[in-house]
Amino acid sequence: MGHMGFFTDTTLCIGCKACEVACKQWNQLPADGYNWTGNSYDNTKMLGSTTWRHVAFVEKPHVQQDKSGKMTDWLMMSDVCKHCANPGCMEACPTGAIIRNEFGDIYVQPDICNGCGYCVPSCPFGVIDQKMDDGRVFKCTLCYDRQKIGIEPACAKACPTDSITFGDVDDLRTKAKGRVQELHERGEESAYLYGVDEDTSVGDLNAFFLLTDRPSAYNLPEKPKLPQDNIATGFFASLVMASFVTLTTVVSLWPRKR
């Protein structure tokens, strides 16, 4: 069996939040409150321990009103755990609570998690989050329980426009590349895939996206990288500083002629 995952086509997303609601309903996750954030039409802000799907509304005001008469363009994207090929959270976990299951998904075993939180800063996407009451971490399970009985994840099932597609990752990538080509032929030259065939330390994403703007517009890192990528740079900086301090100390203690 190949790895299973999501292909999210943001050009088909209508911002209905059906995926958010279905995810919360199936996984019995509590509500996040009903107050608007003040940042567009959003009351959940971001992914968290009780929000495993988050539909982002990104407003793009026009500098000058275009011929269509629109003052604002909308970018909508249903965000989720990326289930990376090289997951930083799994590498950082000291208890083995975070595993890759038989479907190729990154899964947190809540009965083994000790709440240390090491995985939280190890995720370059800011996905995994600690629950405040007991400290354990939670995120999208890719509906592991539904997959085990042959049912697609709740978010994909609920999506009315098929913006979220579930299936074998290799098949999804083939489909996604065809969709990008189709959009290019229709004049949408800005369409591209995020998380496919990119040279990053997290590897390919098993939950990847079709975007039409820079990743940062969707609150995604331009070049996601694992924390250990900073070790060499940090070591070199420490070495330079240690050498400077040592040299300064030697010079200051060097005997001077009177």
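Conventions used here
Residues numbered from 1 in each chain as written. Predicted model: local features only at pLDDT ≥ 70, side-chain atom pairs only at ≥ 80, totals over all residues. Heavy atoms only, no water. UniProt positions renumbered as here; feature names shortened; annotations may be inferred. Helix = DSSP H or I, 4+ residues; strand = E, 2+ residues; numbered from the N terminus. Expected span 1.5 Å × (residues − 1). Buried < 20%, exposed > 50% of the residue type's maximum accessible area, 1.4 Å probe, protein only. Arc of directions from axis to C-beta. Contact = heavy atoms within 4.5 Å. Polar contact = N/O pair within 3.5 Å; in protein donor to acceptor, adjacent residues only side chain to side chain. Core = buried A, V, L, I, M, F, W, Y, C linked by side-chain atoms within 4.5 Å. Phe/Tyr/Trp six-rings, centres within 6.5 Å; stacked < 30°, edge-to-face > 60°. Lys NZ or Arg CZ within 6 Å of the ring centre and 35° of its normal.

- As recorded in an unreviewed UniProt entry, the chain goes by the name 4Fe-4S ferredoxin, listed as coming from Dictyobacter halimunensis.
- In its Subcellular location (unreviewed entry) section, the UniProt record describing the chain reads: "Cell envelope".

Quick look at helix α5 (residues 169-185)
So, point 1. Taking 1.5 Å of rise per residue, 17 residues should cover 24 Å, and α5 covers 24 Å from first to last C-alpha, within 8% of that figure.
So, point 2. Among the residues of α5, Val169, Leu172, Arg173, Ala176, Arg179, Val180 and Leu183 are the ones counted as buried. Angular distribution of buried residues about the axis of α5 spans 120 degrees; they occupy a single face of the element. Residues Asp170, Asp171, Thr174 and Glu185 are exposed on α5 and point more than 90 degrees away from its buried face.
So, point 3. In this fold, the buried residues of α5 make contact with β1 (4-9), β8 (164-168), β9 (192-194) and β10 (207-211).
So, point 4. The opening residue of α5, the one whose side-chain oxygen lies 3.0 Å from the backbone nitrogen of Asp170, is Asp168.
So, point 5. Residue Gly187 follows α5 closely and has a positive phi angle near 100 degrees.

Some thoughts on the nonpolar core
So, point 1. Membership of the largest hydrophobic core comes to 60 residues, with the highest contact counts inside it found for Phe6, Ile98, Phe125 and Ile128.
So, point 2. It is β10 that contributes the most residues to this core, 5 residues altogether.

Side note on the packing of aromatic side chains
Each aromatic ring pair is specified by the distance between its two centres and by the angle formed by the two planes.
So, point 1. Following the criterion strictly, the structure yields 5 aromatic pairs and no others.
So, point 2. Taken together, a centroid distance of 5.3 Å and an interplanar angle of 20 degrees make the contact between Phe7 and Phe208 stacked. In this pair, Phe7 is assigned in strand β1 and Phe208 in strand β10, connecting sequence segments 201 residues apart. Like Phe208, Phe7 is buried.
So, point 3. Judged by centre distance (6.2 Å) and plane angle (90 degrees), the ring pair of Phe57 and Trp74 falls under edge-to-face. Taken as a pair, Phe57 in strand β2 (residues 54-61) and Trp74 in strand β3 (residues 72-79) lie far apart in primary sequence, 17 residues in all.
So, point 4. Residue class for Phe57 comes out buried when judged on its relative accessible area of 15%.
So, point 5. For Trp74, a relative accessible area of 37% corresponds to the partly exposed category.
So, point 6. Through a chain of ring-to-ring contacts, three or more aromatic side chains come together here, namely Phe103, Tyr107 and Tyr144.
So, point 7. The lysine or arginine in question, Lys131, covers the ring of Phe138, its NZ or CZ lying 5.5 Å from the ring centre.

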